[in-house]
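# Observations on the model geometry
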Amino acid sequence: MDTKIVNLQLLDEKEQDAVYEEAAGVIRKGGLVAFPTETVYGLGANALDEQAAARIYAAKGRPSDNPLIAHISREEQLEEIAAYIPEAARILMKNYWPGPLTMIFRKKDVVPRGTTGGLDTVAVRMPDHPVAKRLIDAAGVPIAAPSANISGKPSPTTAQRTAEDMDGKIEMILDGGPCRIGIESTIVDMTEEVPVILRPGFITFEMLEELLGAVRKDKALDAKEGQNFRPKAPGQKYRHYAPKAPMTLVEGDVENAAAKIRELTEVSVREGKKVGIICTDETISCYEQGIVKSMGSRARLESVAHNLYEILREFDEAGVEVIYSEAFPSDELGFAVMNRLVKAAGHKEIQV
Ligand code: AMP
Ligand code: MG
């Protein structure tokens, strides 16, 4: 299949209108369109069409028990697909929609189980990105859109990275420039008495707690015990966000961690291995060997979230054979960043 890649930034308003019409037509006919959101690039299909959802799973190579998030552009669309909307969800909608927050509700019958991984719940998000919003508006249906990467790889945050994984497999890619946030949405299960965070993201536990009073973190998110719990969100059981090279996360005091990474690098270099080091602006001068990349500043974790996946893909390209990464305190945005790093490392962690 020929994938049409359109850079919207180069088009005037009228030309853009035509592109949105074409892309919306693809979605309505059961096809696939990748598009930017503020979190990462999404691989979109009609969320109410089981066959279209099946094509998403095929393009990603994703197991079909891993549910998809339905993206909407207007609040009325939520009423069409969610059977019950609790008061707490209305509070979150008011504060964080449109935005990087996904909520899980009991589903209505119009949402096929082929979209929800066989579950009787549906995950819904209203993205805060002009391209996503216009595409959903034009399509007139909720759009199921998981991250537009091959299953298991880091999520794409640019159209170029999306094309690397999806060129030839889907009808269209809309290029709207790099994504602002860089990691996936926070997922909160609103079907429980006390809302439960299933996946941490840019909207933090602390932000949700402040609004709702009580919020829980899913047990599968516990850094130590996470591996032993049966996760509530099926997607959480799969290996995720992973670079090709084996990665080790070094946790502890910043200086000691940097010293440990230097020591590990020294050993790997002596073994003749090509080493990648993931560090921060504050520590980049600590390293002399290996390919060293800073994710951003420890004082501004948004910069770290923004660059994380791109750096993992750059290390794939560079063909490094082993990666050592610094770690972060697991509170506020650090909780989401560490969740991705731990998964990228396949739970391979060293404490110093
Ligand atoms: P992605 O679309 O790649 O950002 O990932 C979607 C993730 O959302 C899945 O892997 C699940 O973990 C989660 N999810 C989607 N729908 C549901 C649902 N109905 N119940 C629980 N988790 C869900
Ligand atoms: Mg994903």
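Up top is the structure these notes are about.
Okay, so let's go over this structure. (Residues numbered from 1 in each chain as written. Chains lettered and ligands numbered in written order. Predicted model: local features only at pLDDT ≥ 70, side-chain atom pairs only at ≥ 80, totals over all residues. Heavy atoms only, no water.)

## Focus on helix H5 (residues 130–139)
One turn of the α-helix equals 3.6 residues, which is why residues spaced by three or four share an orientation. We count it as follows: Whether a residue is buried, partly exposed or exposed follows from its accessible area with a 1.4 Å probe, protein chains only, as a fraction of its type maximum: under 20%, in between, or over 50%, in that order. In this text, helices come from DSSP runs of H or I with a minimum length of four residues, and strands from runs of E with a minimum of two, each type numbered from the N-terminal end. Each C-beta atom gives one direction from the helix axis, and the arc is the one those directions make. The contact rule is simple, with two residues in contact once any of their heavy atoms fall within 4.5 Å.
Among all positions in H5, only Val 131, Ala 132, Leu 135, Ile 136 and Ala 139 are buried. Down the axis of H5, the buried side of the element spans an arc of 125 degrees, and every buried residue falls inside it. Buried residues along H5 sit against helix H1 (13–28), strand S2 (33–36), strand S4 (69–71), helix H3 (76–81), strand S7 (143–144) and strand S8 (172–175). Gly 140 sits one or two positions beyond H5 and adopts a positive phi of about 75 degrees.

## Looking at the nonpolar core
Where we set the bar: To define a nonpolar core, start from buried Ala, Val, Leu, Ile, Met, Phe, Trp, Tyr and Cys residues and group those joined through side-chain atoms within 4.5 Å.
The biggest cluster of nonpolar side chains holds 47 residues, and the ones touching the most others in it are Leu 43, Leu 78, Trp 97, Leu 101, Met 103 and Phe 105. Elements that contribute at least two residues to this core include exactly strand S3 (41–46), helix H2 (50–60), H3, helix H4 (87–96), strand S5 (101–106), strand S6 (121–125), helix H6 (159–166) and helix H7 (205–212). Per-element tally for this core: the top contributor is H2, with five residues. By size, the runner-up hydrophobic cluster in this structure holds 29 residues, among which are Met 295, Val 320, Ile 323 and Leu 333.

## With respect to the site of ligand 1
Stated precisely, the cut-off is as follows: For each residue, the test is whether any non-hydrogen atom lies within 4 Å of the molecule or strand; if one does, the residue is near. Polar contacts, as counted here, are pairs of nitrogen or oxygen atoms within 3.5 Å of one another; within protein the pair requires one atom able to donate a hydrogen and one able to accept it, and residues that are adjacent in sequence qualify only if both atoms are side-chain atoms. For the area figures, the Shrake-Rupley method with a 1.4 Å probe applies, and any residue is considered shielded solely by the protein chains shown. Here the nonpolar group is Ala, Val, Leu, Ile, Met, Phe, Trp, Tyr, Cys and Pro; Asp, Glu, Lys and Arg are the charged ones; every other residue, Gly included, is treated as polar.
Taken together, 17 residues sit near ligand 1, with Asn 66, Thr 121, Pro 146, Ile 187 and Arg 199 positioned nearest. Within the side chain of Thr 121, an N or O atom sits 2.9 Å from a nitrogen atom of ligand 1. Within the contact set of ligand 1, an oxygen atom lies 3.3 Å away from a side-chain nitrogen or oxygen of Ser 147. Contact with the protein chains hides 94% of the accessible area of ligand 1, taken as 500 Å² for the molecule alone. Elements supplying a minimum of two residues to the shell around ligand 1: S6 and strand S10 (196–199). When its residues are assigned to classes, the shell around ligand 1 shows 10 nonpolar, four polar and three charged.

## Let's talk about the side chain of Arg 125
On the secondary structure map, Arg 125 appears in strand S6. Separated by 3.1 Å, the side chains of Arg 125 and Thr 37 make a polar contact. Polar side-chain contacts of Arg 125 include one of 2.8 Å to the side chain of Glu 38.

## As for the packing of aromatic side chains
Note the following rule: Only rings of Phe, Tyr and Trp enter the pairing, Trp through its six-membered ring, and a pair is recorded when the two centres are within 6.5 Å. The plane angle decides the type: under 30 degrees is stacked, over 60 is edge-to-face, the rest tilted. Criterion for a charge above a ring: Lys NZ or Arg CZ within 6 Å of the ring centre, and within 35 degrees of the ring normal.
Under the counting rule described, the total for this entry stands at one aromatic pair. The ring of Phe 335 is capped by Lys 217, whose NZ or CZ atom sits 4.2 Å from the centre of that ring. Cation over ring: Lys 293 sits above Phe 315, and NZ or CZ is 5.7 Å from the ring centre.

## Focus: the packing of H6 against helix H9 (residues 301–318)
Between two packed helices, what matters for the description is the angle formed by their axes and the separation of those axes. Applicable threshold: In this description, a line fitted to the C-alpha atoms serves as the axis of each element, helices being fitted only across the stretch in contact, and the angle between N-to-C directions of two axes falls anywhere from 0 to 180 degrees. Every angle not falling under 35 degrees, over 145, or within 65 to 115 is termed oblique; those three ranges are roughly parallel, roughly antiparallel and roughly perpendicular. Crossing handedness: left-handed means the near helix sits turned counterclockwise from the far one by under a right angle, and right-handed means the same turn made clockwise.
Where H6 meets H9, the axes come as close as 12 Å, and the angle between the chain directions of the two elements is 55 degrees. On the basis of the axis angle, H6 is oblique to H9. In the packing of H6 onto H9, the handedness of the crossing is left-handed. Here Arg 161, Glu 164 and Asp 165 of H6 lie close against H9, whose contacting residues are Glu 310, Arg 313, Glu 314 and Glu 317. Residue classes in the contact of H6 with H9 are distributed as no nonpolar, no polar and seven charged.

## Points about the sheet that holds S4
Which entries qualify depends on this criterion: Pairing between strands is defined by DSSP: at least two bridges between them are needed.
On the basis of which strands lie adjacent, the open sheet formed by 11 strands has the order S1-S8-S2-S3-S7-S4-S6-S5-S9-S10-S11 and mixed pairing. Two strands in the sheet have a free side with no partner beyond their single neighbour: strand S1 (4–7) and strand S11 (216–217). The pairing of S2 with S8 spans two bridges and is parallel. Looking at the pairing, Ala 34 lines up with Ile 173 of S8. Contacting S3 and S7, H2 runs over the sheet at an angle of about 145 degrees to S3.

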